[in-house]
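Survey of secondary and tertiary structure
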Amino acid sequence: MSDIVQRINQLKEEKNAVILAHNYQREEIQRIADFVGDSLELCIKAKETDADIIVFCGVDFMAETAKILNSDKKVLIPEIKDIECPMAHQLPAEVVRRAKEEHPDAMVVVYVNTLAETKALADATCTSANADRVVNSLDCDKVLFGPDRNLAYFVSKRTNKEIIPIPEDGHCYVHKKFTVEDVKRVRREYPNAELLVHPECDPEVQDLADYVLSTGGMIRHVLNSDKKEFIIGTECELITRIKLELEKTGEEKVLIPLRKDAICDPMKRITLEKVERCLREEKYEITLDEEIIKKARIAIERMLSVKI
Ligand code: 13P
Ligand code: SF4
């Protein structure tokens, strides 16, 4: 074990801290984390933990969500600069307020990839793992849904409710890179592979895939399938994550990225050195307005009450 990993483990124990990491984190972060998961699994873990300090290795909205679910705990993020998920900033609270005025009969579902003040205006949050189930659980015919227009498309194919995307063009810059041309190329090169894509991909890419799944859904699919080859249509580090799982079982599978440049830069800002400093200096702390926490928590709890 390297010196830095030893120091991290020691600090974690001294301070009763837990390290939560998203599936897109660098390999060395995935290896030292207590739990690695998709955004829904991380919400559930954040809610269940009895640690005094949560060190969140992910992007801004994920650490905020952990804080909303643990207002009495210290939630830290190892880096504060350039860790914003651009999509989460595409749906300002003001846009939700205006849309609610225009559609007073609609309920509001926002992706967890939103800021806390936007969540505070929603009836429920959702992740890519449960978006269709959350929408279908609501007692209404019309849903204002944002910010990801592609996730709105995914949901609209799985519900009879009217889905109104807010804003018009919300998207993830990483998943936007995948094109129909990419799909045709990999299908030619790997005719026996299954194509798994994330619901943040464009509709035409989703329509050509074998499965449209959250990152957690992709991991489970690969691990439980009899198939040997998979093309992964999401951020490239998910392949690292699946390989670490396969290492445990000794099973060999071929994992091909749909594009090698599908990299989420904000997710890569966290390093082992920053995690060590974060634990030692207890910074950077996530702080949110109490009123916002109270309201956003109701929307998140509503999502968590929907069974998968
Ligand atoms: P998951 O919920 O599948 O982990 O996705 C989160 C995300 O930000 C995808 O870009
Ligand atoms: Fe945000 Fe896209 Fe990165 Fe996910 S992959 S955190 S949606 S920028």
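In every chain, residue numbers begin from 1 and rise along the written sequence. Lettering of chains starts at A and numbering of ligands starts at 1, both following the order in which they are written. Note on the predicted model: pLDDT of at least 70 is required for a residue's local features to be given, and 80 or more for side-chain atom pairs to be given and counted; whole-chain, interface and lining totals, by contrast, use all residues. Note: side-chain values were computed over all heavy atoms of the structure, leaving out hydrogens and water.

1. What about helix α5 (residues 93-102)?
Along an α-helix, residues three or four positions apart point the same way, because every turn accommodates 3.6 residues. Every buried residue belonging to α5 is among Ala93, Val96 and Ala99, and all of these are buried. In a view along the axis of α5, the buried residues occupy a sector of 125°, so they form one face of it. Every exposed residue of α5 that faces more than 90 degrees away from the buried side is listed here: Glu101 and Glu102. Whether two residues are in contact is decided by their heavy atoms: any pair within 4.5 Å suffices. Every helix listed is a DSSP run of H or I at least four residues long, and every strand listed is a run of E at least two residues long, numbered separately from the N terminus. Buried residues along α5 sit against β5 (107-111), α6 (116-119) and β7 (142-146). For every residue, the accessible area obtained with a 1.4 Å probe (protein chains only) is divided by the maximum for its type, and the residue is called buried under 20%, exposed over 50%, and partly exposed between those limits. Summarising the geometry, the arc corresponds to the directions from the helix axis toward the C-beta atoms.

2. Describing the sheet that holds β5
Any two strands with at least two DSSP bridges between them are considered paired. Read from one edge to the other, the open sheet built from 4 strands follows the order β6-β5-β7-β8, with strand pairing classed as parallel. Of all strands in the sheet, those with a lone pairing partner are β6 (124-126) and β8 (162-165), marking the two edges. Strand-to-strand twist across the sheet, computed as the mean angle between neighbouring axes with direction ignored, equals 30°. Direction of pairing for β5 relative to β6: parallel, over a ladder of 3 bridges. For Val110, the partnering residue across the bridge sits in β6 and is Thr125. Simply put, an axis is a line fit to the C-alpha atoms, just over the touching stretch for a helix, and the angle between two N-to-C directions goes from 0 to 180 degrees. Across the sheet, helix α8 (residues 149-156) touches β5, β6, β7 and β8, and the angle it forms with β8 is around 175°.

3. Quick notes on helix α9 (residues 180-189)
Here α9 has its buried residues at Asp182, Val183 and Val186. One face of α9 carries all of its buried residues, which in axial projection span an arc of 100°. Looking at α9, the residues exposed on the side facing more than 90 degrees away from the buried face are Glu181 and Arg188. Where the residues of α9 are buried, they touch β9 (194-197), α10 (203-208) and β11 (229-233).

4. Quick word on the sheet that holds strand β12 (residues 254-257)
The 4 strands are arranged β10-β9-β11-β12 in an open sheet whose pairing can be described as parallel. Edge positions in the open sheet fall to β10 (211-212) and β12, since each of these has one partner strand only. Here β9 runs beside β11; their pairing, made up of 4 bridges, is parallel. Following the sheet pairing, Leu195 is matched in β11 by Ile231. Each of β11 and β12 touches helix α12 (residues 237-249); the most contacted strand, β12, lies at about 170° to it.

5. Section: the nonpolar core
By nonpolar core we mean a set of buried residues, namely Ala, Val, Leu, Ile, Met, Phe, Trp, Tyr and Cys, connected to one another through side-chain atoms within 4.5 Å. Ranked by internal contacts, the top residues of the largest apolar core, which has 70 residues, are Phe56, Val109, Cys126, Phe145, Val197, Leu258 and Met303. Aside from chain neighbours lying at most four places away, what touches Val197 is Val205, Gln206, Ala209, Tyr211, Val212, Leu213, Met218, Gly233 and Leu258. One finds Leu11, Val36, Leu76 and Cys278 within the second-largest nonpolar core, a separate group that totals 20 residues.

6. Re the site of ligand 1
What makes a residue near a molecule or strand is one non-hydrogen atom of that residue sitting within 4 Å of it. Lining the immediate environment of ligand 1, one finds His22, Tyr24, Asp38, Ser39, Asn113, Ser128, His175, His198, Glu200, Ser214 and Thr215. Counted as a polar contact is a pair of N or O atoms within 3.5 Å, where, for protein atoms, one must be capable of donating a hydrogen and the other of accepting one, and residues adjacent in sequence contribute only when both atoms are in side chains. Within the side chain of Ser128, a nitrogen or oxygen atom sits 3.0 Å from an oxygen atom of ligand 1. Contact distances for ligand 1 include 2.9 Å between an oxygen atom and a side-chain N or O atom of His198. Protein contact buries 96% of the 300 Å² of open area that ligand 1 shows by itself. What sets the accessible areas is the Shrake-Rupley method with a 1.4 Å probe; for residues, cover comes only from the shown protein chains.

7. Here we look at the UniProt feature "binding site: [4Fe-4S] cluster" (unreviewed entry) in the chain
If you check UniProt for "binding site: [4Fe-4S] cluster" (unreviewed entry), the listed places come out as Cys85, Cys172 and Cys264 in our numbering. These annotated residues cover 180 residues of sequence, but their C-alpha atoms sit close together, with the largest distance between any two at 9.3 Å. Inspection of the secondary structure puts Cys85 in the loop between β4 (74-76) and α5. The class of Cys85 is buried, set by a relative accessible area of 11%. With respect to the secondary-structure elements, Cys264 resides in the loop between β12 and α13 (272-281). In this structure Cys264 comes out as buried when scored by relative accessible area, which is 12%. In this view, Cys264 contacts Tyr173, Val174 and Glu235; residues no more than four positions away in its chain are not counted. UniProt positions are given in the numbering used here, feature names are shortened, and annotations may be inferred rather than shown by experiment.

8. Side note on unusual backbone geometry
Note that the residue after Gly146, namely Pro147, is joined by a cis bond; omega there is 0°. Along the chain, Pro147 falls in the loop between β7 and α8. Cis geometry marks the peptide bond from Ile166 to Pro167, where omega comes out at -10°. Among the secondary structure elements, Pro167 is positioned in the loop between β8 and α9. In this structure, Asp82 is a non-glycine residue whose phi angle is positive, near 55°. Its location among the elements puts Asp82 in the loop between β4 and α5. Residue class for Asp82 comes out partly exposed when judged on its relative accessible area of 42%.

9. A look at the pairing of β11
The element β11 is largely enclosed, with a buried count of 4 among its 5 residues. The pairing of β11 with β12 spans 4 bridges and is classified as parallel. Within β12, the position partnered with Ile231 by the bridge is Ile256. Note that the unit made of β11, α12 and β12 has a crossover that is right-handed. For crossovers, right-handed means that the path from the first strand over the helix to the second runs clockwise, given strands pointing away from the viewer.

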